[in-house]
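Chain residues, written in single-letter form:
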Amino acid sequence: MMVSSSAGPEPRRTPVGLFADQYLVGQAVRTALSTRGFPVANYRWPAGPRQVREAAHHLVQIEAVVGVLLCDLDRSERLSEVAELVGAAGSVRWLLLTNAPESPRWGAVLIRGVIAVLPTSTGLDDLVVAVSAAAAGGSVMDETVRRRLVREWRLVEDEERRLVARMESLTAREMNVLSLLYDGRSVRGIAELAGVSEATVRSQVKAVLRKLEVNSQLAAVAAYRRAKDVSRAPRKV
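(A) Structural detail: the overall build of the chain. Secondary structure summary: the chain contains 10 helices and 5 strands in total. Across its three principal directions, the C-alpha atoms of the chain cover 75 × 35 × 30 Å. Considering the chain as a whole, with its 237 residues, one finds that 46% of them fall into the buried category. Nonlocal contacts in the chain, meaning residues at least 24 apart in sequence, comprise 72% of its contacts between residues at least 6 apart. Summed over its atoms, the accessible surface of the chain is roughly 12200 Å², and 51% of this surface lies on carbon and sulfur atoms. Across the chain, the mean location of the 33 positive side-chain charges is 3 Å away from that of the 26 negative side-chain charges.

(B) The packing of aromatic side chains, seen in detail. Overall, the coordinates contain 3 aromatic pairs when judged by the stated rule. Ring geometry for Phe19 versus Tyr43: centroids 4.6 Å apart, planes at 10°, classification stacked. Linking Phe19 in strand S1 (residues 16-20) with Tyr43 in strand S2 (residues 40-44), this pair joins segments that are 24 residues apart in sequence. The burial state of Phe19 is the same as that of Tyr43; both residues are buried. Site record: aromatic cluster; members linked through ring pairs are Phe19, Tyr43 and Trp94. Between Arg44 and the ring centre of Tyr23, over which it is positioned, the NZ or CZ distance is 3.9 Å.

(C) Representation of the sheet that holds strand S5 (residues 114-119) in the model. Strand order in the open sheet formed by 5 strands is S2-S1-S3-S4-S5, and the pairing between neighbours is parallel. Edge strands, defined here as strands with exactly one partner in the open sheet, are S2 and S5. Going across the sheet, the axis of each strand differs from the next one's by a mean of 20°, ignoring polarity. As paired elements, strand S3 (residues 66-70) and strand S4 (residues 93-98) share 5 bridges and run parallel to each other.

(D) Seen up close, the pairing of S4. Burial of S4 is extensive: 5 of the 6 residues sit out of reach of the surface. Chirality of the crossover, the property in question, places the unit of S3, helix H3 (residues 76-88) and S4 among those that are right-handed.

(E) Region of the structure containing the environment of Asp126. Relative to the elements of secondary structure, Asp126 occurs in helix H5 (residues 124-135). A relative accessible area of 40% means that Asp126 is categorised as partly exposed. Residues Asp126 and Tyr23, 103 residues apart in the sequence, show an inter-C-alpha distance of 22 Å.

(F) Highlighting the side chain of Ser179. Tracing the backbone through its elements, the reader meets Ser179 in helix H7 (residues 172-182). Within polar-contact distance, the side chain of Ser179 engages the backbone oxygen of Asn176 at 2.7 Å.

(G) The nonpolar core, seen in detail. With 56 residues, the main nonpolar core has Phe19, Leu69, Val82, Trp94, Leu95, Leu96 and Val114 as its most contacted residues. No other element matches H5, which puts 7 residues into this core. With residues up to four places along the chain from it excluded, the contact list for Leu95 reads Val66, Gly67, Val68, Leu69, Val114, Ile115, Ala116, Ala130, Val131, Ala134 and Val140. Leu170, Val177, Val208 and Ala223 belong to the second-largest nonpolar core, a separate cluster that totals 21 residues.

(H) Highlighting unusual backbone geometry. Located in the positive-phi region is Glu63, a residue other than glycine, with phi close to 60°. You can see Glu63 is positioned in the loop between helix H2 (49-61) and S3. Residue Glu63 is classed as exposed on the basis of its relative accessible area, which comes to 60%. Although it is not a glycine, Glu213 adopts a positive phi angle of roughly 60°. Relative to the elements of secondary structure, Glu213 occurs in the loop between helix H9 (198-212) and helix H10 (217-232). Judged by its relative accessible area of 62%, Glu213 falls in the exposed class.

(I) Representation of the pattern of salt bridges within the structure. Here the structure, examined in full by the defined rule, presents 17 salt bridges. With a closest N to O distance of 3.0 Å, Glu159 and Arg162 form a salt bridge. Highlighted residues: Glu159 and Arg162, both in helix H6 (residues 143-168), separated by 3 residues, approximately one helical turn. Judged by relative accessible area, Arg162 falls into the partly exposed class, the value being 45%.

The rules behind each value
- Residues numbered from 1 in each chain as written.
- Predicted model: local features only at pLDDT ≥ 70, side-chain atom pairs only at ≥ 80, totals over all residues.
- Heavy atoms only, no water.
- Helix = DSSP H or I, 4+ residues; strand = E, 2+ residues; numbered from the N terminus.
- Buried < 20%, exposed > 50% of the residue type's maximum accessible area, 1.4 Å probe, protein only.
- Contact = heavy atoms within 4.5 Å.
- Areas by Shrake-Rupley, 256 points an atom, 1.4 Å probe, with all protein chains shown as cover.
- Lys, Arg positive; Asp, Glu negative; His and termini not counted.
- Charge placed at Lys NZ, Arg CZ, Asp CG, Glu CD.
- Phe/Tyr/Trp six-rings, centres within 6.5 Å; stacked < 30°, edge-to-face > 60°.
- Lys NZ or Arg CZ within 6 Å of the ring centre and 35° of its normal.
- Pairing = 2+ DSSP bridges.
- Axes fitted to C-alpha atoms, helices over the stretch in contact; angles between N-to-C directions.
- Right-handed = clockwise from strand over helix to strand, strands pointing away.
- Polar contact = N/O pair within 3.5 Å; in protein donor to acceptor, adjacent residues only side chain to side chain.
- Core = buried A, V, L, I, M, F, W, Y, C linked by side-chain atoms within 4.5 Å.
- Salt bridge = Lys/Arg side-chain N within 4 Å of Asp/Glu carboxyl O.

Take it as geometry only, folks, not as evidence of what the structure does.
Below is the structure:
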């Protein structure tokens with residue numbers, strides 16, 4: 001999956017910025033890279049735009065050429081944070097190591113400026129090759145794999161747009177009923193809360209299922225949960 005590059009500067013002259021959502025893991029990777037001659041600045045994962053700006057500014061000060069991100073990709077918020085950091089330090093070539101299995105979410109971070117995604121199982125020798133290749137401006141990730149992952153994420157985005165459109169077709173009352181179902185309320189509980197009959201609520205639930213193109217309340221609740229995640233996910237400008 002990884003493509004090595006024979007050209008490139010001596011690794012000892014390649015400043016690296018390292019960000020890990022688990023700081024001690026970052027320290028371990030920093031130590032490993034340092035044994036191979038890389039000057040590594042290890043940062044705590046930035047919390048909020050201000051810390052992102054401060055980190056990006058410091059990367060410029062140390063003349064970092066390569067950035068390494070160690071994080072999971074299981075939450076939309078994490079995708080947003082990666083996008084913010086990569087966008088704020090656009091001159092840095094970013095690698096991302098993750099425990100997350102290969103999936104369209106890898107494509108999500110590639111779209112937003114990460115040049116390669118690697119599993120955390122990547123050995124130190126291969127990581128050294130990847131950092132060196134990135135510093136030299138070379139390829140790190142197989143282009144065929146990269147394009148496939150980006151294409152898969154585009155398909156996910158298309159489905160998310162359709163999901164949002166279906167959610168927006170709900171009336172305010174139907175959306176309220178769906179949110180109460182998501183909170184664990186029963187049809188009877190929703191009826192009592194709204195002061196209407198259970199038959200009225202059941203009719204509203206049927207309308208929700210029809211508009212969301214699902215066959216059960218569980219599927220509707222899952223769609224609602226997914227729509228909440230989509231609302232927090234980053235979008236490429």
